[in-house]
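These are the residues of each chain, in order.
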Amino acid sequence: MAAVTRWLEGRVGALVARAEQGAAAVEYGLLVALIAIAIIGAVFLLGQNLRSNYNCVANSVPTTTTISSPTGC
């Protein structure tokens, strides 16, 4: 009877350990999802401003060899 009790305790301990590992995986998954949402939000918020800055710089690059005054972004 003692052997059965030890075996049962070992099995329950293994199940608890696996359950804790699964919980850690879920927590890491949630953290990754939240970080991804923050990055996507930052890209959407800053994207338009960056686009206008890049367009200003691209438009101020001379296409001919003549010297002209800078447009000033």
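In what follows, the structure referred to is the one given above.
What this report covers is the structure whose coordinates are included nearby. (Residues numbered from 1 in each chain as written. Predicted model: local features only at pLDDT ≥ 70, side-chain atom pairs only at ≥ 80, totals over all residues. Heavy atoms only, no water.)

Let us look at the overall build of the protein. When helices and strands are counted, the protein shows one helix and zero strands. Counting over 73 residues, the protein shows a buried share of 0%. Here the protein has roughly 6,700 Å² of accessible surface; of this, 70% comes from carbon and sulfur atoms. (Helix = DSSP H or I, 4+ residues; strand = E, 2+ residues; numbered from the N terminus. Buried < 20%, exposed > 50% of the residue type's maximum accessible area, 1.4 Å probe, protein only. Areas by Shrake-Rupley, 256 points an atom, 1.4 Å probe, with all protein chains shown as cover.)

This paragraph deals with a nonpolar patch on the surface. A cluster of nonpolar side chains, namely Leu45, Leu46, Leu50 and Tyr54, defines an oily patch on the protein surface of about 500 Å² accessible area. Relative to the elements of secondary structure, Leu50 occurs in helix α1 (residues 2-60). (Patch = residues over 30% accessible without salt bridge, like charges linked within 9 Å, V, L, I, M, F, W, Y side chains within 5 Å. Salt bridge = Lys/Arg side-chain N within 4 Å of Asp/Glu carboxyl O.)

Keep in mind these values describe shape, not function.
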